[in-house]
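Summary of structural features
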Amino acid sequence: MHPILEKIKLSDAVYLLKISAKHTASAKPGQFVMLQPTELSEPIPLSILETFDGGFTCLVKVVGRTSYQIVEEAQELYYVAGPLGKPFPIEDYGKVVFYTYSWGIAPALMIAKALKEKGNYITLQHTSEDFYLREEAQRVFDEVIHDKGLKVFEADLVVSVGSNSLSKSLVFLYPNAPIKSMVNVHMLDAVGLCLVCRVRVEGSYVLACCDGPWFDAHKVDWDNLIEREGTYQEQERVAFEEYKKILKRKELKGNG
Ligand code: FES
């Protein structure tokens, strides 16, 4: 079991968690973990914000049953797999412009810190209303813009994370600049067996869990990913509602 050492509420739906899991402490910027609160829960992928000697920190946004269970009930996690995925390549690019949406600020911060150490000049445009970890972003990035309307900057590399639609828009805004984007896909096993996380890149399927999650945005079939975003929406809604009922019953029993 992996104790949750800290749980800080940043908003009604978003928490900052510090989790004890020694094997994840070696994670590199851009990698992720799979978390499972109990033996019977569905595992979910989460990006790493930071590592420390005995584990990692991450942002958890409540989007369904498992994420709710983690922030609402869990004091420890049954299973933590990782670090997973290919790290983001940390090089001296020059001017790097990040575009983030919602929880995307977490992986962006870890990558930005490493790019800054390499001597890059880094700009951030955060594009969603919720802007978690804003103060930390202001410390790490050379420039921070908070605006929904996408602006174009001089860039040797563009990075996007947090939304497939955002990444798709950047392909049109920056037809000639290299863009590295994290794809948002469902994941089940994260070891390359279930194929749930397939991504069409230049006409062939690759796997986000093993080959990604970072890809050349110019080569990704974003329409295909966006179309699949709602595939399990109904099942997720039902599972979430069922879980809330279980919690309610527990609460009533506790009060009785
Ligand atoms: S999550 Fe199953 S193959 Fe990637």
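Keep in mind that this is a model prediction, so the values were computed, not measured. (Residues numbered from 1 in each chain as written. Predicted model: local features only at pLDDT ≥ 70, side-chain atom pairs only at ≥ 80, totals over all residues. Heavy atoms only, no water.)

Concerning the overall build of the protein
In terms of regular secondary structure, the protein is built from seven helices and 16 strands. By the compact-globule yardstick of 18 Å for 256 residues, the protein fits well, its C-alpha radius of gyration being 18 Å. Here the C-alpha coordinates of the protein stretch approximately 65 × 40 × 35 Å along the principal axes. Classification of the 256 residues of the protein by burial places 49% in the buried group. A total accessible area of about 12,500 Å² is found for the protein, and carbon and sulfur atoms account for 50% of it. (Helix = DSSP H or I, 4+ residues; strand = E, 2+ residues; numbered from the N terminus. Rg over C-alpha atoms; globule rule 2.2 N^0.38 Å. Buried < 20%, exposed > 50% of the residue type's maximum accessible area, 1.4 Å probe, protein only. Areas by Shrake-Rupley, 256 points an atom, 1.4 Å probe, with all protein chains shown as cover.)

As for the packing of aromatic side chains
Enumeration according to the criterion identifies four aromatic pairs in this entry. Taking the centre distance of 5.1 Å and the plane angle of 90° together, the rings of Phe88 and Trp214 count as edge-to-face. Of this pair, Phe88 sits in the loop between β8 (79-84) and β9 (95-100) while Trp214 sits in strand β16 (residues 214-216), placing them 126 residues apart in sequence. Exposure remark for Phe88: the relative accessible area of 3% places this residue in the buried category. Centre to centre, the rings of Phe98 and Phe141 are 5.4 Å apart; their planes meet at 80°, and the pair counts as edge-to-face. Taken together, the positions of Phe98 in strand β9 and Phe141 in the loop between α3 (134-140) and β11 (143-146) put the pair 43 residues apart, joining distant regions of the chain. Residue classification places Phe98 among the buried residues on the basis of a relative accessible area of 0%. Of the residues examined, Phe141 reaches a relative accessible area of 4% and is grouped as buried. One aromatic cluster is present, built from ring pairs that chain together Tyr99, Phe153 and Tyr174. One cation-aromatic arrangement involves Lys18 over Phe52; the distance from NZ or CZ to the ring centre is 4.7 Å. (Phe/Tyr/Trp six-rings, centres within 6.5 Å; stacked < 30°, edge-to-face > 60°. Lys NZ or Arg CZ within 6 Å of the ring centre and 35° of its normal.)

Topic: the domain arrangement of the protein
Each assigned domain of the protein is listed with its residue range as follows: domain 1 (2-84) and domain 2 (95-228). In this complex, domain 1 contributes 19 residues to the contact, which on the side of domain 2 involves 21 residues. One can count two salt bridges joining domain 1 with domain 2. Of the charged contacts in the structure, one is a salt bridge between Lys113 and Glu50, with a shortest N-O distance of 3.0 Å. The interface formed by domain 1 and domain 2 includes four residue pairs in polar contact (both at pLDDT 80 or more). Looking at the side of domain 1 that touches domain 2 residue by residue, the classes come out as 12 nonpolar, four polar and three charged. (Domains from an automatic or database assignment. Contact = heavy atoms within 4.5 Å. Salt bridge = Lys/Arg side-chain N within 4 Å of Asp/Glu carboxyl O. Polar contact = N/O pair within 3.5 Å; in protein donor to acceptor, adjacent residues only side chain to side chain. Nonpolar A, V, L, I, M, F, W, Y, C, P; charged D, E, K, R; others polar.)

Observations concerning helix α7 (residues 233-255)
With 23 residues, α7 should reach 33 Å at 1.5 Å per residue; the first-to-last C-alpha distance of 33 Å fits that figure. If you check which residues of α7 are buried, you get Phe240, Tyr243 and Leu247. Buried residues along α7 sit against α1 (65-72). (Expected span 1.5 Å × (residues − 1).)

Some details on the nonpolar core
Formed by 30 residues in total, the largest nonpolar core has its most connected members in Tyr99, Tyr174, Val183, Val185, Met187, Val199 and Val220. Counting residues per element, the ones that place at least two in this core are β3 (32-36), β8, β9, α4 (164-173), β14 (198-201), α5 (208-211) and α6 (222-228). When residues of this core are assigned to their parent elements, the largest contribution, three residues, is made by α4. No fewer than three residues from each of domain 1 (2-84) and domain 2 (95-228) sit in this core. Counting residues in hydrophobic clusters, the runner-up holds 28 residues, among them Leu16, Ile105, Ala108 and Ala112. (Core = buried A, V, L, I, M, F, W, Y, C linked by side-chain atoms within 4.5 Å.)

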